[in-house]
Amino acid sequence: MQQILIDTDPGVDDALAILFAMLSPELHIEAITTVCGNAPVAQATQNLLTILSVLDLDQFPVIAQGEAAPLVKPLVTAAHVHGEDGLGNISQLRNADGSLLYRPANTEVSSITGIDLILEMAARYPDELVIVTLGPLTNIAKAIRKDAPKMRHLRKIIVMGGVFEAYGNVTTTAEFNIFVDPHAAHEVFHFGVPVHIAPLDATHQVVLTGERLHAEVDKRDSPVSRFLKDSTQACMEFYRQHVGFWGFHIHDALPIGMLTHPDYFESVNAYVQVETEGTLTSGMTVADLRRERQSSNPNAQVCIKVAAEAFLDHFFERLQ
Ligand code: BDR
Ligand code: CA
């Protein structure tokens with residue numbers, strides 16, 4: 001069983017990734033920390049509780065709220081993609097009697113900060129803990145700044161973020177999670193703990209169409225499948241209007257899949273740098289991914305290829 005801490009800014013695709021992870025028996029999700037990104041951090045924490053309410057849990061992961069602002073830049077959120085509440089506006093849905101359809105799970109948010117929870121978990125599971133980041137890297141960078149010796153004992157950090165050979169999704173050159181806090185990404189990538197990256201180049205290979213999603217949720221009537229349908233409508237409409245297909249990319253599910261089914265993912269070693277200053281290129285991730293040019297001094301493994309159909313089948317097997 002792998003000991004995991006998820007750091008997240010839920011987020012529709014974060015929600016699917018969290019459910020995927022929680023429903024994967026080979027992973028033990030010890031703790032979940034929230035960070036500002038898709039939504040302000042207080043909303044992200046509420047969203048996390050709502051996501052967990054969909055599951056029938058005897059025991060919840062430890063939850064703590066993380067940072068409310070990136071290290072240097074002002075916060076940029078993504079309400080236009082993920083809805084005003086960050087979860088596809090499901091907080092507005094009501095039952096026939098007028099009561100709310102989705103409510104936050106009735107569990108405690110820890111009184112310690114996200115940073116302190118990360119450090120506590122790193123100390124509890126030295127050389128074992130895997131951190132999966134589904135949002136900007138602010139919490140991780142701040143945990144490193146606060147107690148680098150503890151963070152050196154992470155087993156690895158798996159990051160959804162960056163883009164190398166494709167266009168960005170915020171600017172022409174930058175992916176959202178790195179764009180929001182490029183200074184944090186720079187510090188994490190150069191810290192020295194093994195980093196494995198799932199960039200847009202990989203996540204764009206997995207295309208979840210609206211037709212496939214609806215066919216899958218229609219196969220079963222469960223709280224998870226109803227949540228899948230309800231939370232994804234706004235996001236799929238955004239994709240129809242702005243990306244060119246009805247459906248969406250389940251970016252944040254990929255780093256979870258890299259743990260549950262690593263053989264579906266092919267990666268190369270690379271020396272990854274982050275542009276923190278550029279006026280046109282802030283948040284750009286830069287690396288030479290050509291096999292013949294693989295760095296002799298890599299700081300990351302970058303996923304370049306996904307067995308997309310097999311991965312989608314695996315994802316839906318878990319999300320029952
Ligand atoms: C990333 O940005 C966010 O909007 C998604 O949740 C994902 O983590 C994709 O660029
Ligand atoms: Ca995310």
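Rules used throughout
- Residues numbered from 1 in each chain as written.
- Chains lettered and ligands numbered in written order.
- Predicted model: local features only at pLDDT ≥ 70, side-chain atom pairs only at ≥ 80, totals over all residues.
- Heavy atoms only, no water.
- Helix = DSSP H or I, 4+ residues; strand = E, 2+ residues; numbered from the N terminus.
- Rg over C-alpha atoms; globule rule 2.2 N^0.38 Å.
- Buried < 20%, exposed > 50% of the residue type's maximum accessible area, 1.4 Å probe, protein only.
- Contact = heavy atoms within 4.5 Å.
- Areas by Shrake-Rupley, 256 points an atom, 1.4 Å probe, with all protein chains shown as cover.
- Lys, Arg positive; Asp, Glu negative; His and termini not counted.
- Charge placed at Lys NZ, Arg CZ, Asp CG, Glu CD.
- Donors = N, O, S within 2.8 Å, 3.2 Å for Na, K, Ca; no water.
- Axes fitted to C-alpha atoms, helices over the stretch in contact; angles between N-to-C directions.
- Left-handed = near helix turned anticlockwise from the far one by under 90°.
- Nonpolar A, V, L, I, M, F, W, Y, C, P; charged D, E, K, R; others polar.
- Pairing = 2+ DSSP bridges.
- Core = buried A, V, L, I, M, F, W, Y, C linked by side-chain atoms within 4.5 Å.
- Right-handed = clockwise from strand over helix to strand, strands pointing away.
- Near = heavy atom within 4 Å.
- Polar contact = N/O pair within 3.5 Å; in protein donor to acceptor, adjacent residues only side chain to side chain.
- 1 Å grid on protein atoms, 1.4 Å probe; cavity = no way out; pocket = protein on both sides within 12 Å on 5 of 7 lines; lining within 4 Å.
- Sits in = over half its atoms within 2 Å of the grid points.

(A) Structural detail: the overall build of the protein. When helices and strands are tallied, the protein shows 13 helices and 12 strands. Computed over C-alpha atoms, the radius of gyration of the protein comes to 18 Å, within 12% of the 20 Å expected from 2.2 N^0.38 for 320 residues, which places it in the range of a compact globule. Each principal axis of the C-alpha atoms in the protein carries an extent, and together these give about 60 × 45 × 40 Å. Counting every position in the protein, which comprises 320 residues, the buried fraction comes to 57%. In the protein, of all internal contacts separated by at least 6 residues, the share reaching a separation of at least 24 is 82%. Within the structure as shown, the protein displays about 13000 Å² of accessible surface, and the carbon and sulfur contribution to it stands at 49%. Averaging the coordinates of the 22 positive side-chain charges in the protein and doing the same for the 39 negative ones gives two points 2 Å apart.

(B) Spotlight on the coordination of the calcium ion (ligand 2). Protein coordination at the calcium ion (ligand 2) comes from Asp9 (OD), Asp14 (OD), Asp14 (OD), Leu134 (O) and Asp252 (OD), with a distance range of 2.2 to 2.5 Å. Sequence spacing of the donor residues for the calcium ion (ligand 2), all on one chain, is D-x4-D-x119-L-x117-D. Highlighted residues: Asp14 in helix α1 (residues 12-22) and Asp252 in the loop between β8 (247-249) and α12 (253-260), separated in sequence by 238 residues. Taken individually, Asp14 and Asp252 each receive the classification buried, so the pair is uniform in this respect.

(C) Region of the structure containing the packing of helix α10 (residues 210-218) against helix α13 (residues 308-318). Across the interface, α10 lies against α13 with an axial gap of 11 Å and an inter-helix angle of 35°. The handedness of the crossing between α10 and α13 comes out as right-handed. The residues of α13 that touch α10, namely those facing Arg212, Leu213 and Glu216, are Glu309, Leu312, Asp313 and Phe316. Taken together, the residues of the contact of α10 with α13 sort by class into three nonpolar, no polar and four charged.

(D) The sheet that holds strand β1 (residues 2-8), seen in detail. Taken in spatial order, the eight strands line up as β3-β2-β1-β4-β5-β6-β12-β9 in an open sheet, and their pairing is mixed. One side of each edge strand has no neighbouring strand; the edge strands of this open sheet are β3 (62-65) and β9 (265-270). Across the sheet, the mean angle from the axis of one strand to that of its neighbour is 25°, orientation sign disregarded. Bridge count between strand β2 (residues 27-34) and β3: four bridges; the pairing is parallel. Within β3, the position partnered with Thr34 by the bridge is Gln65. Each of β1 and β2 touches α1; the most contacted strand, β2, lies at about 150° to it.

(E) Quick peek at the nonpolar core. Formed by 59 residues in total, the largest nonpolar core has its most connected members in Ile6, Phe227, Ile250, Phe311 and Phe315. Considering each element in turn, this core owes the most residues, eight residues, to α1. Leaving out residues up to four positions away in the same chain, Phe315 has contacts with Leu16, Phe20, Ile250 and Ala253. One finds Ile131, Ile157, Val159 and Val188 within the second-largest nonpolar core, a separate group that totals 39 residues.

(F) Region of the structure containing the pairing of β1. By the criterion of burial, β1 is predominantly enclosed, with seven of the seven residues buried. By the alternation rule, side chains of β1 split into Gln2, Ile4, Ile6 and Thr8 and Gln3, Leu5 and Asp7, which are all buried. Pairing of β1 with β2 involves seven bridges; the strand directions are parallel. Bridge pairing in β2 links Gln3 to His28. Handedness of the crossover is the feature at issue here: the chain leaves β1, passes through α1, returns alongside β2, and the resulting connection is right-handed. Sheet analysis places β1 next to strand β4 (residues 130-133), joined by four bridges and oriented parallel. Residue Ile6 lies in a different strand from β4, and its bridge partner there is Val132.

(G) The arrangement of the side chain of Asn38 in detail. Checked against the element boundaries, Asn38 lands in the loop between β2 and α2 (41-53). Excluding residues that lie within four positions of it along the chain, Asn38 makes contacts with Asp9, Gly11, Asp14, Thr77, Ala78, Ala79, His82 and Phe176.

(H) Up close: the site of ligand 1. Every one of the 13 residues lining ligand 1 counts as a neighbour, but Asp13, Asn38, Asn169, Glu175 and Asp252 are closest to it. Side-chain polar atom of His82 to an oxygen atom of ligand 1: 3.0 Å apart, as the coordinates give it. Here an oxygen atom of ligand 1 and a side-chain polar atom of Asn169 are 2.7 Å apart. According to the grid-proximity analysis, the pocket containing ligand 1 is the largest pocket.

Keep in mind these values describe shape, not function.
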